[in-house]
Amino acid sequence: MFLDAIVGQEAAVAALRQMLAAGRVPSALLFLGPHHVGKRTTALALARALNCRRNDGTACGVCPACRKIDAGVHPDVDVVVPDGQFIKIGQVREVSNRLGLIPREARKRVVVLARAERMNPPAAHAFLKTLEEPPVDTLIVLCAASAAELFDTITSRCLPLRFGLLPDPAVRSLLGDSNGLSAEVLEFAVRFARGRARQELRERAGQWLLIREELIAALARPEGQDFAELTDKSAKWTATEDWRFVLQWLETWFRDLAVLGGGTGSASLINLDREEALWAAQGHFPPHVAESCYRQVLAARAGMLLNANKALALDALWMGCREAVRNRTGGIL
Ligand SMILES: [Zn+2]
């Protein structure tokens, strides 16, 4: 990836280009911003610019350094990701040990800590030592969603750069570049992405669009057969990772219903392409019911992430939504 090809993060990329042009890249950078907006990709593009044989702050994309970095096999460019839930002390020690040796090929060694906020306290303490005495010709890039989750002693030693949510055209170009998503699936994926170009959108958006239609049909008639059949589908969705989508999408649907009922217009609807269905659902889901259901979705997700029985949790959610609809006029059944 070339720095020039990073989309939607103009401010961060401009700052990096200035550092490269001036030959003043600090020893530690902190890329702050939401997940899936290009922080790690940008860090690797920077690693290329620092190590390409051109040696002028750009990258050729074809020299051994560029190719090895792209393939993830450069001996002096490391990307550390959480091992399970955390980045652990053993991982940090391994990196520190390598940084104590002479670089094998690189002009500038690069260590990228993806999800740096997932360092557990022992790992963070160990890492702090590396940051306090950074080896020469080494760049450390920490990527994190927010600085609040990192020790102050760590953030204070890094130069922060902010990454924002991606604008829709950037998400469209990132998702549209890959395998031929149909126009309908691509537009759904772009709106559902909400500024984050997740890899799974490319792979699953087509399937998710079908699930969305099943959910819209079921929610249109909370007393109907389709709704009752959601229980059967819960088992299917929780047997795969599709339950995550189901909850994320329900969040957008109930949010859209509350927005529409609140009279703020339809421009900000995430499910704008199904605006008609949203209007039709207002009868069963006036704003206060939509809000109640929205909260239930958040609670269900919290429980499911904590390993609650997922199919049971989804079923409880369907029951809860139906109850909220039944009680919408003040509790008279
Ligand atoms: Zn190159």
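Before reading further, recall that the structure is shown in the block above.
This structure is a prediction, so every number in the text was calculated from the model and none was measured.

Conventions adopted
Residues numbered from 1 in each chain as written. Predicted model: local features only at pLDDT ≥ 70, side-chain atom pairs only at ≥ 80, totals over all residues. Heavy atoms only, no water. Core = buried A, V, L, I, M, F, W, Y, C linked by side-chain atoms within 4.5 Å. Buried < 20%, exposed > 50% of the residue type's maximum accessible area, 1.4 Å probe, protein only. Helix = DSSP H or I, 4+ residues; strand = E, 2+ residues; numbered from the N terminus. Domains from an automatic or database assignment. Contact = heavy atoms within 4.5 Å. Donors = N, O, S within 2.8 Å, 3.2 Å for Na, K, Ca; no water. Pairing = 2+ DSSP bridges. Axes fitted to C-alpha atoms, helices over the stretch in contact; angles between N-to-C directions. Parallel < 35°, antiparallel > 145°, perpendicular 65-115°, else oblique. Left-handed = near helix turned anticlockwise from the far one by under 90°. Arc of directions from axis to C-beta. Nonpolar A, V, L, I, M, F, W, Y, C, P; charged D, E, K, R; others polar. Phe/Tyr/Trp six-rings, centres within 6.5 Å; stacked < 30°, edge-to-face > 60°.

**Q** Just checking my understanding: could you explain the nonpolar core for this structure?
**A** As a rule of thumb, nonpolar side chains are buried together in soluble globular proteins. Of all hydrophobic cores here, the largest spans 79 residues; its most connected members are L250, W253 and F254. The element that contributes the greatest number of residues to this core is helix α12 (residues 242–261), accounting for 11 residues. When residues of this core are assigned to domains, at least three map to each of domain 1 (3–164) and domain 2 (204–326). Contacts of W253, omitting those with residues within four sequence positions, involve I216, L219, N271, R274, A277, L278 and A281. Among the nonpolar cores identified, the runner-up in size contains 24 residues, and L99, A123, L131 and L150 belong to it.

**Q** Looking at this structure, how should I read unusual backbone geometry?
**A** Most peptide bonds are trans, and most residues other than glycine sit at a negative phi. Positive phi outside glycine occurs at H36, with the angle close to 65°. Within the secondary structure, H36 sits in the loop between β1 (28–32) and α2 (39–51). Classification of H36 as partly exposed rests on a relative accessible area of 38%. Here the phi dihedral of N55 falls at roughly 60°; this positive angle occurs in a residue that is not glycine.

**Q** I keep staring at the coordination of the zinc ion and nothing clicks. Help me out?
**A** Six octahedral donors around a metal ideally sit at 90 or 180 degrees from one another, while four tetrahedral donors ideally sit at 109.5 degrees. The protein atoms donating to the zinc ion are C52 (SG), C60 (SG), C63 (SG) and C66 (SG), with metal-donor distances spanning 2.3 to 2.4 Å. In primary-sequence terms, the residues that donate to the zinc ion follow C-x7-C-x2-C-x2-C. With C52 in the loop between α2 and α3 (64–71) and C66 in helix α3, this residue pair connects regions lying 14 residues apart in the sequence. The same class applies to C52 as to C66, namely buried.

**Q** Teacher, can you tell me more about the sheet that holds strand β4 (residues 138–144) here?
**A** Strand pairs in the sheet, formed through backbone hydrogen bonds, run parallel or antiparallel to each other. The strand order across the open sheet formed by five strands is β2-β3-β4-β1-β5, and the pairing between neighbours is parallel. Strands with a single pairing partner mark the edges of an open sheet, and in this sheet they are β2 (77–80) and β5 (159–162). Pairwise comparison of adjacent strand axes, ignoring direction, gives a mean angle of 15° for this sheet. Where β2 and strand β3 (residues 109–113) come together, four bridges link them in parallel fashion.

**Q** Could you clarify how one ought to interpret the packing of α12 against helix α15 (residues 310–326) in this entry?
**A** A packed helix pair is summarised by two numbers, namely the angle formed by the two axes and the spacing between the axes. Axis separation between α12 and α15 bottoms out at 12 Å; the angle between their running directions is 20°. When the axis of α12 is compared with that of α15, the two are roughly parallel. For the element pair α12 and α15, the recorded crossing hand is left-handed. Contact residues: α12 offers W243, V246, L247, L250 and F254, while α15 offers K310, L314, L317, W318 and C321.

**Q** Would you mind going over helix α11 (residues 230–239) with me for this structure?
**A** Each α-helix winds once per 3.6 residues, and so residues spaced three or four apart point in a common direction. Restricting attention to buried positions, one finds in α11 the residues L230, K233, S234, W237 and T238. Angularly, the buried residues of α11 cover 130° about the axis, an arc narrow enough to put them on a single face. Those residues of α11 that are exposed and aimed more than 90 degrees away from the buried face are D232 and A239. At its buried positions, α11 is contacted by α9 (199–220), α10 (225–228), α12, α14 (287–305) and α15.

**Q** What should I look at first to understand the packing of α11 against α15 in this one?
**A** Running from amino to carboxyl end, α11 crosses α15 at an angle of 145°, the nearest separation of the two axes being 9 Å. Judged by the twist between their axes, the crossing of α11 over α15 is right-handed. Across the interface between the two elements, L230, T231, S234, A235, W237 and T238 from α11 touch K310, A311, L314, D315 and W318 from α15. Within the contact of α11 with α15, the residues separate by chemical class into six nonpolar, three polar and two charged.

**Q** Explanation requested: the packing of aromatic side chains in the structure shown.
**A** The description of two aromatic rings rests on the distance between their centres and on the angle between their planes. Across all of its chains, the model carries nine aromatic pairs by this definition. Taking the centre distance of 6.4 Å and the plane angle of 80° together, the rings of F227 and W318 count as edge-to-face. Residue F227 is located in helix α10, and its partner W318 is located in helix α15; the two are separated by 91 residues in the primary sequence. According to the relative accessible area criterion, F227 is buried, its value standing at 4%. Judged by relative accessible area, which is 3%, W318 ranks as buried.

On their own, these measurements won't tell you what the molecule is for.
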